[in-house]
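Observations on the three-dimensional arrangement
Letter by letter, the chains look like this.
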Amino acid sequence: MVLDTGSSNLAVASQKCATCNVSPLYTGNTTSTSVTIQYGDGSINALVTIPVPVVFGGISGSMEFLAITSQNQFFNCNNSNQGIVGFAYPSVSSGIIT
């Protein structure tokens with residue numbers, strides 16, 4: 001995963017992404033809500049995931065993230081990263097998921 005201080009989205013390559021050329025790929029369920037995000041020179045198209053159960057520090061809940069369905073110059077050749085984790089403030093989030 002790429003750690004990004006200029007965004008606040010979490011996005012991972014999905015099985016629906018024929019152009020991602022990375023492994024492993026997210027195989028879970030998604031909604032039909034789509035998002036397009038520009039990152040510097042590259043961009044992604046993604047679907048919002050169905051909320052996934054999470055447990056952290058004894059607190060349980062659920063979270064949504066983005067499942068990348070196509071990309072343009074986001075995953076470079078020989079890149080082992082499968083997605084991006086944004087650490088910026090939610091106000092700079094692209095799309096509806098922060």
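Here, every reference points to the structure presented above.
Since we're looking at a predicted model, the values are computed, not measured. (Residues numbered from 1 in each chain as written. Predicted model: local features only at pLDDT ≥ 70, side-chain atom pairs only at ≥ 80, totals over all residues. Heavy atoms only, no water.)

**Description of the sheet that holds strand β7 (residues 66-72)**
- Taken in spatial order, the six strands line up as β1-β8-β2-β7-β4-β3 in an open sheet, and their pairing is mixed. Each end of this open sheet is capped by a strand with a single partner; those strands are β1 (2-4) and β3 (30-39). Across the sheet, the mean angle separating the axes of adjacent strands is 30° when strand polarity is ignored.
- Strand direction decides the pairing type here: strand β4 (residues 42-49) and β7, joined by six bridges, are antiparallel. Looking at the pairing, Asn 45 lines up with Ser 70 of β7. (Pairing = 2+ DSSP bridges. Helix = DSSP H or I, 4+ residues; strand = E, 2+ residues; numbered from the N terminus. Axes fitted to C-alpha atoms, helices over the stretch in contact; angles between N-to-C directions.)

**Quick look at the packing of aromatic side chains**
- In this structure the tally under the stated criterion is two aromatic pairs.
- Aromatic side chains Tyr 26 and Phe 65 sit 5.1 Å apart centroid to centroid with 75° between the ring planes, which places their arrangement in the edge-to-face category. Note that Tyr 26 is positioned in the loop between β2 (10-13) and β3 and Phe 65 in the loop between β6 (59-63) and β7, a separation of 39 residues in sequence. Phe 65 carries the same exposure label as Tyr 26, and that label is buried.
- A ring pair is formed by Tyr 39 and Phe 74, whose centres lie 5.3 Å apart and whose planes are at 45°; its orientation type is tilted. Separated by 35 residues along the polypeptide, Tyr 39 in strand β3 and Phe 74 in the loop between β7 and β8 (83-86) bring together distant segments of the chain.
- A relative accessible area of 14% places Tyr 39 in the buried class.
- Residue class for Phe 74 comes out buried when judged on its relative accessible area of 13%. (Phe/Tyr/Trp six-rings, centres within 6.5 Å; stacked < 30°, edge-to-face > 60°. Buried < 20%, exposed > 50% of the residue type's maximum accessible area, 1.4 Å probe, protein only.)

Coordinates in, geometry out; function isn't part of it.
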